[in-house]
Amino acid sequence: MNLIKTLFGGGSAAVSPEQVTEHLKSCLDPNTGKDLVSAKAIKNLKIDGGRVSLDVVLGYPARSQWAALAEQVRAHLLTLTGVTEAEVNVSSQIVAHAAQRGVALLPGVKNIIAIASGKGGVGKSTTTVNLALALAAEGARVGILDADIYGPSQPLLLGLQGRRPESPDNKSLLPLESLGVQSMSIGYLVDDDQAMIWRGPMVSQALQQLLNDTRWDNLDYLLIDMPPGTGDVQLTLSQKIPVTGAVIVTTPQDIALLDAKKGLKMFEKVGVPILGLVENMSVHICSNCGHAEPIFGEGGAAKMAEQYGVTVLGQLPLDLSIRLSADQGKPSVAAEPDGEIARRYQAIARQVAIRVAERARDFSSRIPKIVIQNT
């Protein structure tokens, strides 16, 4: 009995599944540096004589790179003796990954990523919205929760100032959508000049309501634009919200790094993995001559990453266009999607998604609930 013929159909096979799989162990994903076999990305392998077809399923969004990766794998397959034709389809499948122990996942949201900083003024909100837009451009379903009650920024950054969310049942809210990203913010519910003079417990309760009462629509990623600091609000969010991982935004300045370290340690203490650091305002780019100068210092994030065993996801310049685009409600990734600034955000967003994909998967939905009834 010809087992290959039975499993794969067609005539006698020129190569075996084992040979193809072994050959693909030397084919690396350019984004992760790992081979596609150990990454368990190879699916639906079929062989018919010298014809080989398979699917490459990535655990992170990368729509702009599907075609190039498909051609890379196809060319690699054709170097295997016996393979005369190769068909490769590349796609992405985002799944839910485990959060802190004992914290249930949020309905309609697969993964929550906290974008945090130890202090204000480091560009965290601008970084959040551009990362969200970059993930969405790669095919992911993305949302933003603006967790800064005292100083919400996302309505301005997304061009949604003055808009109000709808409530179909007077109990829940529909997220507003702009530039392909869903969002919710206290800024949608109050006037622009209204000061939120609330104590910590009220703010924590309001944030939990914004998160849980919003009807998030099948999100792959929800980015939380965290308020600065490491106080009561941050601790509540870290303990009661199912966070898959955190990204720390800092500048090269020593004073910013001091506070960023505190934010990193806070997440470590509550069991939230650090996905990496983003160094914002790493160099100043002169708008007249293009000269680059590290006016806030150099190498700060790299030193911090080495000290705490984390990764620098990328560096962003202090560039006038970033501020102008954000103030106009169309951040850099949307305003100039093919520009250098957008490319940097896209590279960072891809690394964030890759690190989320490397986390343990969440299987809680497969565990049946036990109901005890009195009979």
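Thresholds, definitions, all that
- Residues numbered from 1 in each chain as written.
- Predicted model: local features only at pLDDT ≥ 70, side-chain atom pairs only at ≥ 80, totals over all residues.
- Heavy atoms only, no water.
- Helix = DSSP H or I, 4+ residues; strand = E, 2+ residues; numbered from the N terminus.
- Rg over C-alpha atoms; globule rule 2.2 N^0.38 Å.
- Buried < 20%, exposed > 50% of the residue type's maximum accessible area, 1.4 Å probe, protein only.
- Contact = heavy atoms within 4.5 Å.
- Areas by Shrake-Rupley, 256 points an atom, 1.4 Å probe, with all protein chains shown as cover.
- Lys, Arg positive; Asp, Glu negative; His and termini not counted.
- Charge placed at Lys NZ, Arg CZ, Asp CG, Glu CD.
- Pairing = 2+ DSSP bridges.
- Axes fitted to C-alpha atoms, helices over the stretch in contact; angles between N-to-C directions.
- Polar contact = N/O pair within 3.5 Å; in protein donor to acceptor, adjacent residues only side chain to side chain.
- 1 Å grid on protein atoms, 1.4 Å probe; cavity = no way out; pocket = protein on both sides within 12 Å on 5 of 7 lines; lining within 4 Å.
- Points joined across faces, edges and corners; volume = space filled by probe spheres on them.
- Nonpolar A, V, L, I, M, F, W, Y, C, P; charged D, E, K, R; others polar.
- Core = buried A, V, L, I, M, F, W, Y, C linked by side-chain atoms within 4.5 Å.
- Expected span 1.5 Å × (residues − 1).
- Arc of directions from axis to C-beta.
- Salt bridge = Lys/Arg side-chain N within 4 Å of Asp/Glu carboxyl O.

Colleague: Quick question: what am I supposed to make of the overall build of the chain here?
Modeller: Summing up its helical and strand segments, the chain has 12 helices and 13 strands in all. Computed over the C-alpha atoms, the radius of gyration of the chain is 23 Å, within 12% of the 21 Å expected from 2.2 N^0.38 for a compact globule of 375 residues. Looking at the 375 residues of the chain, the share that counts as buried comes to 48%. Across the chain, contacts joining residues at least 24 apart in sequence account for 75% of those joining residues at least 6 apart. On the chain, roughly 18500 Å² of surface is accessible, and the fraction owed to carbon and sulfur atoms is 49%. Of the side chains in the chain, 35 bear a positive and 37 a negative charge, and the two mean positions are spaced by 6 Å.

Colleague: Help me understand the sheet that holds strand E6 (residues 176-178), please; the structure alone is not making it clear to me.
Modeller: Strands pair in a sheet through their backbones, by hydrogen bonds, and they do so in one of two ways: parallel or antiparallel. What the 8 strands build is an open sheet, ordered E6-E7-E5-E8-E4-E9-E10-E13; its pairing is mixed. This sheet does not close on itself; its edge strands, each paired only once, are E6 and strand E13 (312-315). Recorded for the sheet is a direction-independent mean angle of 25° between the axes of neighbouring strands. Relative to strand E8 (residues 219-225), strand E4 (residues 109-116) is paired through 6 bridges, and the arrangement is parallel. Residue isoleucine 115 lies in a different strand from E8, and its bridge partner there is aspartate 225. Across the sheet, helix H4 (residues 124-137) lies against E4, strand E5 (142-146), strand E7 (181-185), E8, strand E9 (245-250) and strand E10 (274-279), angled at about 170° from E8, the strand it touches most. Contacting E4, E9 and E10, helix H8 (residues 254-269) runs over the sheet at an angle of about 175° to E9.

Colleague: So what exactly am I meant to see when it comes to the environment of serine 26 here?
Modeller: Residue position: serine 26 is located in the loop between helix H2 (17-24) and strand E1 (42-48). Taking C-alpha positions, serine 26 is 42 Å from glutamine 253, a pair spaced 227 residues apart along the chain. Here histidine 23 takes part through its backbone oxygen, which lies 2.9 Å from a polar atom of the side chain of serine 26.

Colleague: Got a minute to help me understand the layout of surface pockets in this structure?
Modeller: To find the voids left in a structure, one rolls a probe of water-molecule size over its atoms. If you add up the space inside the largest pocket, you get close to 560 Å³. Residue lining of the largest pocket: 21 residues in total, with Ala39, Lys40, Gly59, Ala357 and Arg361 positioned closest to the centre. The residue inventory of the lining of the largest pocket, partitioned by class, reads 9 nonpolar, 5 polar and 7 charged.

Colleague: When you look at the nonpolar core in this model, what are you seeing that I'm missing?
Modeller: Among soluble globular proteins, nonpolar side chains are generally buried collectively. By size, the foremost hydrophobic cluster in this structure holds 105 residues, and its most contacted members are Val56, Val73 and Phe267. The biggest single contributor to this core is helix H12 (residues 340-357), with 9 residues. If sequence neighbours within four positions are ignored, phenylalanine 267 has contacts with Ala114, Ala116, Met226, Ser238, Ala246, Ile248, Val272 and Ile274.

Colleague: Could you clarify how one ought to interpret the pairing of E5 in this entry?
Modeller: Where burial is concerned, most of E5 is hidden: 5 out of the 5 residues are buried. Residues Val142, Ile144 and Asp146 point to one face of E5 and Gly143 and Leu145 to the other, with burial holding for every one of them. By the bridge criterion, 5 bridges tie E5 to E8 in an arrangement that is parallel. Pairing of glycine 143 across the sheet is with leucine 222, part of E8. The sheet contact formed by E5 and E7 spans 5 bridges and is parallel. Along E7, the bridge assignment pairs leucine 145 with methionine 184.

Colleague: Explanation requested: helix H6 (residues 200-212) in the structure shown.
Modeller: Residues that lie three or four places apart on an α-helix share one face, since the helix turns once every 3.6 residues. Between its first and last C-alpha, H6 extends 18 Å over 13 residues, near the 18 Å set by a 1.5 Å rise per residue. Where H6 is concerned, the buried positions are Val203, Ser204, Ala206, Leu207, Leu210 and Leu211. Buried residues of H6, viewed axially, fall in a sector of 165°; they line one side. Among the structural elements, E5, E7, E8 and helix H7 (232-240) are those in contact with the buried residues of H6.

Colleague: What is the right way to read the pattern of salt bridges from this model?
Modeller: Opposite charge on two side chains permits them to pair, given that their charged atoms come into close proximity. One pass over the full model with this rule turns up 14 salt bridges. Put simply, glutamate 22 and lysine 25 hold a salt bridge, and the shortest N to O gap is 3.2 Å. Classification of lysine 25 by relative accessible area gives partly exposed; the value is 41%. Between arginine 141 and aspartate 217 there is a salt bridge, and its shortest N-O distance comes to 3.3 Å. Linking arginine 141 in the loop between H4 and E5 with aspartate 217 in the loop between H6 and E8, this pair joins segments that are 76 residues apart in sequence. Note on arginine 141: relative accessible area 34%, which makes it partly exposed. Owing to a relative accessible area of 45%, aspartate 217 belongs among the partly exposed residues under this scheme. A cluster of three or more residues bridged by salt bridges with shared partners is formed by Glu340, Arg343 and Arg344.

Colleague: Is there a simple way to think about unusual backbone geometry in this case?
Modeller: For residues that are not glycine, phi is negative in most cases, and the peptide bond is trans in most cases. Notably, asparagine 44 is not glycine yet its phi reads approximately 55°, a positive angle. You can see asparagine 44 is positioned in strand E1. Classification of asparagine 44 as exposed rests on a relative accessible area of 52%. In this model, asparagine 218 sits at a positive phi of 50°, which is unusual for a non-glycine residue.

Scope: geometric values only; no functional claims are made or implied.
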